[in-house]
Amino acid sequence: MKRYLLLLPCLAFLVIFFLLPLLAMFAESVYQPTKGWVVHRYLEFFRQRLSRTVYVRSLLMGFSVTFVALLIGYPAAMAVVSVKNDSLRSLLMTLLVFPLMTNPVARTFSWHAVLGREGLINNLLLTLKFTDSPVRLLYTRGAVFIGLLQLFLPLMVISLTSALENLPKDVPLAARSLGASAFNLFTRIYLPLTSEGIVTGCTLVFTGCITAYVTPAVLGGSRVLMLSTLLYQKASITLDWTMATVIAVIMFLSTVAVNTLSRAISTIGVKK
């Protein structure tokens, strides 16, 4: 019983600084003392064409970045785990963590040197005579996609690396000795046994994509509105705090729904 007392400081911190503010935000989104019940603001959000477009765009962006991060991150994590030299593996992990130690604002603005009108790509295209004038690469969905992928890919790789390191070494060897093909080894051994790492990585990347503000604002601008930038406009420009709170709750519920769905899918895979 005493060992559970060690959880009290962590639980108290989470309740005070996470759960209570979250409940207060949700309560404010459905009822306000001066306005009464404001549940209709949720319906109003989905009635507006702009809001629906921004919501769908944010979900598609989150899903696409998460999917590509998983496709790139899983082989990268397997490559890191397969390294036998401990010093080299530590170096690779340091390189993975290093981008997370850089300010996201600086990492996002650095893409201007690559995607800008006088950036690296446009200069290369003009030099090779592929185009006569600079191509608009900034303030597009592609720019936001690349920025978000570069921003959150390390989280996916780190989550998958941790899951693969906890995988029993004798299980893949036993499967190979029993004649399992590379495809069966991957689908029936690696994927089910690393499902928790996949769920964790997908949740971190998707949540980051949905809630990120700097990257969509810098690389997308007003041309590519996301939920985070729409929330900023409602709170700071139009001063519509009620709608801003509604958007925040929708963002939170969307991430919870995606996490629940991914856990359900991973559970089905384990049962098989």
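Here the structure is shown first, and the text comes after it.
1. A look at the nonpolar core
Ranked by internal contacts, the top residues of the largest apolar core, which has 32 residues, are Val 65, Leu 148, Phe 152, Val 205 and Leu 219. Those elements giving two or more residues to this core turn out to be α4 (49-82), α9 (141-165), α11 (182-193), α12 (195-211) and α13 (214-220). The leading source of residues in this core is α9, at 9 residues. Formed by 18 residues, the second largest nonpolar core is a distinct cluster that contains Phe 206, Leu 227, Ile 247 and Val 249.

2. Section: the layout of surface pockets
The space that makes up the largest pocket amounts to roughly 460 Å³. Lining of the largest pocket is provided by 20 residues; of these, Leu 70, Ile 198, Cys 202, Ser 262 and Ile 265 occupy positions nearest its centre. If one sorts the elements of the lining of the largest pocket by residue count, helix α15 (residues 241-271) sits on top with 7 residues. Looking at the lining of the largest pocket residue by residue, the class counts come to 13 nonpolar, 7 polar and no charged. In this model, the second largest pocket occupies a volume close to 350 Å³. Lining the second largest pocket are 13 residues, with Val 81, Ser 82, Lys 84, Lys 169 and Tyr 190 positioned closest to its centre. Broken down by secondary-structure element, the contributors of at least two residues to the lining of the second largest pocket are α4 and α10 (170-177). Looking at the lining of the second largest pocket residue by residue, the classes come out as 8 nonpolar, 1 polar and 4 charged.

3. Brief notes about helix α2 (residues 8-30)
End to end, α2 covers 31 Å across 23 residues, agreeing with the expected 33 Å (1.5 Å per residue, within 8%). Those residues of α2 not exposed but buried are Leu 22, Ser 29 and Val 30.

Reading guide: rules and limits
- Residues numbered from 1 in each chain as written.
- Predicted model: local features only at pLDDT ≥ 70, side-chain atom pairs only at ≥ 80, totals over all residues.
- Heavy atoms only, no water.
- Core = buried A, V, L, I, M, F, W, Y, C linked by side-chain atoms within 4.5 Å.
- Buried < 20%, exposed > 50% of the residue type's maximum accessible area, 1.4 Å probe, protein only.
- Helix = DSSP H or I, 4+ residues; strand = E, 2+ residues; numbered from the N terminus.
- 1 Å grid on protein atoms, 1.4 Å probe; cavity = no way out; pocket = protein on both sides within 12 Å on 5 of 7 lines; lining within 4 Å.
- Points joined across faces, edges and corners; volume = space filled by probe spheres on them.
- Nonpolar A, V, L, I, M, F, W, Y, C, P; charged D, E, K, R; others polar.
- Expected span 1.5 Å × (residues − 1).

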